[in-house]
Number of protein chains: 2
Amino acid sequence: MNADLIIKNAYVYLTFRQCFVKRDVAVAGDRFYQILPKIPCAGEGEKSDLIGADTQIVDAGGSYMIPGLIDIHMHIESSMTYPEEFSRIVLPQGTTTVVADAHEIANVFGLEGIRTFMDQKTDLDVFYAIPSSVPATDWEFETAGAEIGEAETAQLLKDERVLCLGEVMNFQQLTKEAEPETKIRRLVRLCRDARGRDIRLEGHCPKISGPDLNRFIAAGIDADHTQQTSESVIEKSDLGMFLELQHKSLTPEVVKTVDDHQLYENIALVTDDTMPDLLMEGQLNRIVHAAIANGMPVEKAIYCATYTPARRMHLDDRGMIAPGKLADFILLDDLQTISPRSVYKSGKCVEKKDWQASHYFPKRFYQSVLCRKAEPADFVLTAERADCRSVLTNVMKIHEFGTMTEAVQREIPVRDGVICWQEAGLCLVVIYERHGKNGNVARGLVEGAFSLAGAVATTWSHDSHNLFVLGNSPEDMLAAQQYLIAIQGGCAVAENGAVTAKAWLPVAGILSDGPVEEIARELGEVRAAMERLGYRNNNVIMSMATLALPVSPALKLTDRGLLDVKTQQPVPLVAACI
Amino acid sequence: MNADLIIKNAYVYLTFRQCFVKRDVAVAGDRFYQILPKIPCAGEGEKSDLIGADTQIVDAGGSYMIPGLIDIHMHIESSMTYPEEFSRIVLPQGTTTVVADAHEIANVFGLEGIRTFMDQKTDLDVFYAIPSSVPATDWEFETAGAEIGEAETAQLLKDERVLCLGEVMNFQQLTKEAEPETKIRRLVRLCRDARGRDIRLEGHCPKISGPDLNRFIAAGIDADHTQQTSESVIEKSDLGMFLELQHKSLTPEVVKTVDDHQLYENIALVTDDTMPDLLMEGQLNRIVHAAIANGMPVEKAIYCATYTPARRMHLDDRGMIAPGKLADFILLDDLQTISPRSVYKSGKCVEKKDWQASHYFPKRFYQSVLCRKAEPADFVLTAERADCRSVLTNVMKIHEFGTMTEAVQREIPVRDGVICWQEAGLCLVVIYERHGKNGNVARGLVEGAFSLAGAVATTWSHDSHNLFVLGNSPEDMLAAQQYLIAIQGGCAVAENGAVTAKAWLPVAGILSDGPVEEIARELGEVRAAMERLGYRNNNVIMSMATLALPVSPALKLTDRGLLDVKTQQPVPLVAACI
């Protein structure tokens, strides 16, 4: 049989030996066909019978040839875009397969939202995780746009592109011994019953250890992608957990621990969330680079971005350069930056494409911000008793690193029954339920956000994506909130009563339907505006957008009020009148 | 939750770190539940809440605790017994899971034969491979008792205990480019269509390399369990092949190659064929011991007999001591001999059992030797031309090591038209088709078998299991053949006109239905009798029984005559009259 393509003179990554060896590689159709020390062409002795009239011959000129990158834990929505457009950007960066957990679009439009993703044509191979935690907690704690329950899960399990149950995060529901039946346990059982061995159960278990961790894993959830420490890497590995390391886990200490104990077989490199502006700089290749920069040998980093992730997901048809496997590969000039010279998907060279207008989303996806406009009274907090002098309040304190809040208490003066939160140097958060379900409005206080006067509002607000407004100036909060209703979704910063920066996310209030380049630029402007107002965090947008996420420590605000994440108990804004 | 069982003070094998660490292990039901540095009992400080009134506590006393052994390439019939009895013997030896390729019983009774295996209750977990090559070649080359074709394969694929397509061995049919449609290609496609990712395709490709090997793997067959050399290990690993190493592959050179290149992730230890007498000495634990004895670090040998085989077969519920996995484990006093102190299957301690009479096989399985009795004329070879003085014959030469024959030519005197093969120091082989299909009788000559007068006959004759008689004394050949018809299957040695040793295999002519101890003793007697007659080989029974196997080099005899294995062309017994 003639080959369709022959790559000559490449240093080919041999997965099982984890080394580079000079080889010629023949591709037939979408698969690797033969990998040989030499495939002679015309003028090199007896011409190989692999070479026919139509065989394309590419001289790699001594460059490195590695398998296409495989990202098994990620959310396309984190890049505020849709699969087709995501594919256009990341395929030339070397990512050839992803397992997407579409749990943001699911929180807004449920199964219908996921289907609008799965129906899209992409050159990239997109497999799917079933969002296991939509809503993130329970309806009594927050109002999402939709739910992924048993019926939706059963539907999704029928699709062979569905590889796993995605990040099970409600530790309490999974392991509470007093309650044998919880939703998440039913979903786990449903997966096993429907698909037997052919399904993976993926977890999200930050800061859980000891007997609790044992119980979590015993329930069947044997992977975790949250932030790791050296200690958690050892403990989780010893308990049989597969670790998906994202950027924040790839510290020199963690990389050293992985290397000291040669734990490469049970780790994979993943992206989890990549903001659109960061996406323009790279996707999984950026994480591979970070791993190398922090001490991981390049051969190991490649292994953990190609072979181990494929194996974890039972994608045995890819992840290595070997006969019969999908011919997804990258040619690289050097092994440090992982910047592809060229990328091949299913045997075809990837060409950079222009953006195409999306036609995937129904009209109602563009009309998803269904709450009332803000009124000045929304930003006035009143004390229960008109005669009190001050109130002790429960406040979410944000830090300059990470997305977890700290629960603190602050005393605030009260005048004429009004809590003077601005005088206390705090910001107010108001959340408007925006899925048209109950019109809830909830309020909380934040320390450590803005130092100058202004506000930010967003409908991209994990995980329920209600309309979230944060600020220290009622005028700006009003302007930002009303602007988002007018444009039906996005992120907006207001100063001096007017919007000064915005990122438009008209699809379900969380996605752009334009080119990533555009939303990346807009988001950069929003971030810069927030920083101008004094917001300090290594991940400005995400730390703000997760103030409403009730599964990430410690004190969070949903449309139903403040919640202690650990105990899952409501917390009053005013602890005491003084 | 209380644990049902707690193992204290064990050095537990931690799979991902491949080391032993002192741990206490809690088991609940059939699964591991918690693995902790310490689970305090009464008198050890605050008693763990894992311990209730019914919790059994076992002090391992510092012994080693490893996962149960998993053998993913083996044939129960090679031990001349049936699954229930096999389970009785091997579970106390530490084998807790096998993937059985029942291709011997399939060659006699097809799907019905396999079903009689699958219907048996075993304490051991028995998964199945679909016998891909029944008959081993084609009906034009040999007469088997049955065929496993597309219909049978489709039936088997519906059973969730079926994990793979077993040892695809017909290289020619798989890779011949001129013939796009062959039976084996249809079976491969059928497996993929029916089960997608959840099926493995296992190969058998001895001595294949270069472009041929590439084509074999490109067809989707990415595992091999045949005899390896250092070179084949490297070449096959580089091409992405998973290697299942059996005893004959575990030479010091091969083990060193695996270690030098750290290829442990893509190898597993397997038994393939274990004769009944050898089975009494051990099953997979014997292979683990051999690997260690030949230089494999013990932690690696355990890894490759527990975790890598489970992973290869997508048996993600077992193969390690970790929460949620099946509580199959072994306690060992030392790490050299792998002789279990005790074995636990699904959380229960394995007790040695007595043999139970089988009731699994229908009556017709005991009436399977359906050929005529031998007559003296069967052992007379006549020349075509009465006037020739001698004939040049094609002869199968056997060696003292291995089961491959060498094709040689020998000149034999002819007197009165009769070929005097006895005078040439050769043995005669006569094969009687015994499945009641066509009554074929075929003859061949063997060099290097017996030096003293005698004969051996067997119905355990790979792969078609026709009645095979080998000897240099017509009187003894007659006696042995007729004896096997009388007892309806087995193996018999005759000397001086009478049977002097026999192993009775009444089920399908290939299995004993008694205790393994008994057939082991009988087989030992047969082997001893053959050796007394001068038969010299490292594997006496197998080298004799594979003289009829037309997929193993080089010249073989089936009921249809001599066959050149490589070319799959018939070969005449008499090459020329002189």
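These numbers come from a predicted model, not from an experiment.

## Remarks on the overall build of chain A
Of the regular secondary structure elements, chain A holds 14 helices and 30 strands. Taken over the C-alpha trace, chain A has a radius of gyration of 25 Å; the compact-globule value for 578 residues is 25 Å, and the two agree within 12%. In terms of overall dimensions, chain A has C-alpha extents of about 100 × 50 × 45 Å along its principal axes. When the 578 residues of chain A are sorted by exposure, 65% land in the buried category. Put simply, of all contacts in chain A between residues at least 6 apart along the chain, 68% involve residues at least 24 apart. Working note: accessible area of chain A is about 20000 Å², and carbon and sulfur atoms make up 49% of it. Across chain A, the mean location of the 57 positive side-chain charges is 2 Å away from that of the 79 negative side-chain charges.

## So, the relation of the copies chain B and chain A
By a simple turn and slide, chain B fits onto chain A: the slide is 0.0 Å along the axis, the RMSD is 0.0 Å, and the turn is 180°. Between the two chains, the operation in question is that of a two-fold axis. No C-alpha of chain B approaches the rotation axis more nearly than that of Asp 198 of chain B, which lies at 3.0 Å. Most of the interface of chain B is mirrored in chain A: 100% of its interface residues are interface residues there too.

## A few points about the packing of aromatic side chains
All names here are of chain B. Considering all chains together, one arrives at 22 aromatic pairs over all chains under this definition. With 5.5 Å between their ring centres and 40° between their planes, Tyr 303 and Tyr 307 make a pair best called tilted. One end of the pair, Tyr 303, and the other, Tyr 307, are both in helix H11 (residues 298–312), 4 residues apart, so they sit about a helical turn from each other. Of the two residues examined, Tyr 303 and Tyr 307, each falls in the buried class.

## Remarks on the side chain of Gln 568 of chain B
Residues and elements named next belong to chain B. Along the polypeptide, Gln 568 turns up in the loop between strand S27 (561–564) and strand S28 (569–571). In this structure the side chain of Gln 568 is engaged in a polar contact, spanning 2.9 Å, whose partner is the backbone oxygen of Val 565. Residue contacts for Gln 568: discarding those within four places in its chain leaves Thr 137, Phe 141, Pro 550 and Leu 563.

## Overview of unusual backbone geometry
What is expected of a backbone is that most residues other than glycine have negative phi and most peptide bonds are trans. Residues and elements named next belong to chain B. Cis geometry is adopted by the peptide bond preceding Pro 135, which originates at Val 134 and carries an omega value of 0°. You can see Pro 135 is positioned in the loop between strand S8 (125–131) and helix H3 (150–157). Backbone torsion omega between His 462 and Asp 463 reads -20°, so that peptide bond is classified as cis. Mapped onto the elements, Asp 463 comes out in the loop between strand S22 (455–458) and strand S23 (467–471).

## Considerations on the nonpolar core
Among soluble globular proteins, nonpolar side chains are generally buried collectively. Residues Ile 7, Leu 269 and Leu 470 of chain A together with Ile 7, Leu 269 and Leu 470 of chain B are the most contacted members of the largest nonpolar core, which totals 357 residues. Apart from residues no more than four positions distant in its own chain, Leu 269 of chain B is found in contact with Ile 70, Asp 71, Leu 245, Leu 250, Leu 284, Ile 287, Val 288, Ala 291, Met 296, Ala 301, Cys 304 and Ala 305 of chain B.

## Quick word on the packing of helix H7 (residues 230–238) of chain B against helix H8 (residues 252–260) of chain B
All names here are of chain B. Put simply, H7 and H8 touch, their axes get as near as 8 Å, and they point 35° apart. Crossing of H7 against H8: the hand is right-handed. Where H7 approaches H8, its residues Ser 230, Val 233 and Ile 234 are matched on the opposing element by Glu 253, Val 254, Thr 257 and Val 258.

## So, the sheet that holds S28 of chain B
Sheet strands pair via backbone hydrogen bonds, and the direction of the pair is either parallel or antiparallel. Residue and element names in this part refer to chain B. The antiparallel open sheet is built from 3 strands, whose spatial order is S26-S27-S28. One side of each edge strand has no neighbouring strand; the edge strands of this open sheet are strand S26 (555–558) and S28. Averaged over all pairs of adjacent strands, the angle between strand axes in this sheet comes to 45°, irrespective of strand direction. Bridge analysis of S26 against S27 gives 4 bridges, and the strand direction is antiparallel. The residue of S27 that forms the bridge with Leu 557 is Leu 562.

## A word on the confidence of the model for chain A
Summing up the model confidence of chain A, the mean pLDDT is 96 and the portion of residues at 70 or higher is 100%. Taken over the whole predicted complex, pTM reads 0.95, whereas the ipTM for its chain interfaces reads 0.94.

## Some words on the interface of chain B and chain A
Taken together, the contact pairs 47 residues of chain B with 47 residues of chain A. Here chain B packs against chain A, burying approximately 3800 Å² in sum over the two surfaces, 51% of which is carbon and sulfur. At the junction of chain B and chain A, the tally comes to 10 salt bridges. One salt bridge in this structure joins Asp 238 of chain B and Arg 23 of chain A, with 3.8 Å as the shortest N-O distance. Joining chain B to chain A, the criterion identifies 10 residue pairs in polar contact (both at pLDDT 80 or more). Those elements that provide at least two residues to the side of chain B that touches chain A are strand S3 (31–36), strand S9 (162–168), helix H6 (210–218), H7 and H11 of chain B. The leading source of residues in the side of chain B that touches chain A is H6 of chain B, at 6 residues. Counted by class, the side of chain B that touches chain A contains 22 nonpolar, 10 polar and 15 charged residues.

## What to know about the pairing of strand S5 (residues 64–67) of chain B
Residues and elements named next belong to chain B. Relative to S5, strand S1 (residues 5–14) runs parallel, the two being bridged by 2 bridges. If you follow Tyr 11 over to S5, its bridge partner there is Tyr 64. Alignment of S5 against strand S14 (residues 329–332), held across 4 bridges, turns out to be antiparallel. Within the sheet, the bridge partner assigned to Ile 66 lies in S14 and is Ile 330.

## Describing the environment of Tyr 33 of chain A
As for its placement among the helices and strands, Tyr 33 of chain A is situated in strand S3 (residues 31–36). Ignoring any residue separated from it by four or fewer positions in sequence, one finds Tyr 33 of chain A in contact with Met 1, Ala 26, Val 27, Ala 28, Leu 50 and Pro 323 of chain A together with Glu 177, Asn 214, Arg 215 and Ala 218 of chain B.

## With respect to helix H10 (residues 284–293) of chain B
Residues and elements named next belong to chain B. The element H10 is extensively covered by neighbouring structure, given that 8 of its 10 residues are classed as buried. Those residues of H10 not exposed but buried are Leu 284, Asn 285, Arg 286, Ile 287, Val 288, Ala 290, Ala 291 and Ile 292. Count one or two residues on from H10 and you reach Gly 295, which has phi positive near 115°.

## Remarks on the environment of Ala 442 of chain A
All names here are of chain A. Its location among the elements puts Ala 442 in strand S22 (residues 441–447). Between the C-alpha atoms of Ala 442 and Arg 560, which are 118 residues apart in sequence, the distance is 6.0 Å. Apart from the residues within four sequence positions on either side, Ala 442 is in contact with Val 429, Val 430, Ile 431, Leu 557, Thr 558, Asp 559, Arg 560 and Gly 561.

## Quick look at the sheet that holds strand S29 (residues 569–571) of chain A
Residue and element names in this part refer to chain A. With antiparallel pairing, 3 strands are arranged side by side in an open sheet as S27-S28-S29. The open sheet has two edge strands, strand S27 (555–558) and S29, and neither has a second partner. Across the sheet, the mean angle from the axis of one strand to that of its neighbour is 45°, orientation sign disregarded. Pairing between strand S28 (residues 561–564) and S29: 3 bridges, direction antiparallel.

## Some remarks on the pairing of strand S15 (residues 340–345) of chain B
Side-chain positions along a regular strand alternate between the two faces of the sheet. Residue and element names in this part refer to chain B. Two elements, S14 and S15, share 4 bridges in a ladder whose sense is antiparallel. Each bridged residue has a counterpart across the sheet, and for Ile 330 the counterpart in S15 is Val 343. With 2 bridges connecting them, S15 and strand S16 (residues 348–349) associate as antiparallel partners. Bridge pairing in S16 links Tyr 344 to Cys 349. Between the antiparallel neighbours S15 and S16 lie 2 residues, among them Ser 346 with a positive phi of about 50°.

## As for the pattern of salt bridges
Opposite charge on two side chains makes pairing possible when the charged atoms of those side chains draw close. All names here are of chain A. This structure, assessed with the given rule, holds 78 salt bridges over all chains. Between Glu 44 and Lys 8 there is a salt bridge whose closest N-O contact spans 3.1 Å. On the criterion of sequence distance, the pair formed by Glu 44 in the loop between S3 and strand S4 (56–59) and Lys 8 in strand S1 (residues 5–14) is long-range, its members being 36 residues apart. Taking the relative accessible area as the measure of exposure, Glu 44 reaches 32% and is therefore partly exposed. In this structure Lys 8 comes out as buried when scored by relative accessible area, which is 5%. With a closest N to O distance of 4.0 Å, Arg 443 and Asp 378 form a salt bridge. Of this pair, Arg 443 sits in strand S22 while Asp 378 sits in the loop between strand S16 (348–349) and strand S17 (381–382); the two residues are 65 residues apart in sequence, bridging distant segments of the chain. The buried category is assigned to Asp 378, whose relative accessible area is 3%. Salt bridges sharing partners connect three or more residues here, namely Asp 125, Asp 317, Arg 318, Asp 328 and Lys 345.

## Quick word on the state of the cysteines
This structure, assessed with the given rule, holds 0 disulfides over all chains. Cys 191 of chain A carries a free sulfur, and the closest cysteine sulfur to it, the one in Cys 164 of chain A, is 9.0 Å from it. Using a relative accessible area of 0% as the deciding quantity, one classes Cys 191 of chain A as buried. With no disulfide of its own, Cys 420 of chain B lies closest to Cys 388 of chain B among cysteine sulfurs, the gap being 10 Å.

Cut-offs applied
- Residues numbered from 1 in each chain as written.
- Chains lettered and ligands numbered in written order.
- Predicted model: local features only at pLDDT ≥ 70, side-chain atom pairs only at ≥ 80, totals over all residues.
- Heavy atoms only, no water.
- Helix = DSSP H or I, 4+ residues; strand = E, 2+ residues; numbered from the N terminus.
- Rg over C-alpha atoms; globule rule 2.2 N^0.38 Å.
- Buried < 20%, exposed > 50% of the residue type's maximum accessible area, 1.4 Å probe, protein only.
- Contact = heavy atoms within 4.5 Å.
- Areas by Shrake-Rupley, 256 points an atom, 1.4 Å probe, with all protein chains shown as cover.
- Lys, Arg positive; Asp, Glu negative; His and termini not counted.
- Charge placed at Lys NZ, Arg CZ, Asp CG, Glu CD.
- Least-squares fit on C-alpha atoms with pLDDT ≥ 70 in both.
- Phe/Tyr/Trp six-rings, centres within 6.5 Å; stacked < 30°, edge-to-face > 60°.
- Polar contact = N/O pair within 3.5 Å; in protein donor to acceptor, adjacent residues only side chain to side chain.
- Core = buried A, V, L, I, M, F, W, Y, C linked by side-chain atoms within 4.5 Å.
- Axes fitted to C-alpha atoms, helices over the stretch in contact; angles between N-to-C directions.
- Left-handed = near helix turned anticlockwise from the far one by under 90°.
- Pairing = 2+ DSSP bridges.
- pLDDT = per-residue confidence, 0-100.
- Buried area = accessible area lost by both parts, 1.4 Å probe.
- Salt bridge = Lys/Arg side-chain N within 4 Å of Asp/Glu carboxyl O.
- Nonpolar A, V, L, I, M, F, W, Y, C, P; charged D, E, K, R; others polar.
- Disulfide = S-S within 2.5 Å.

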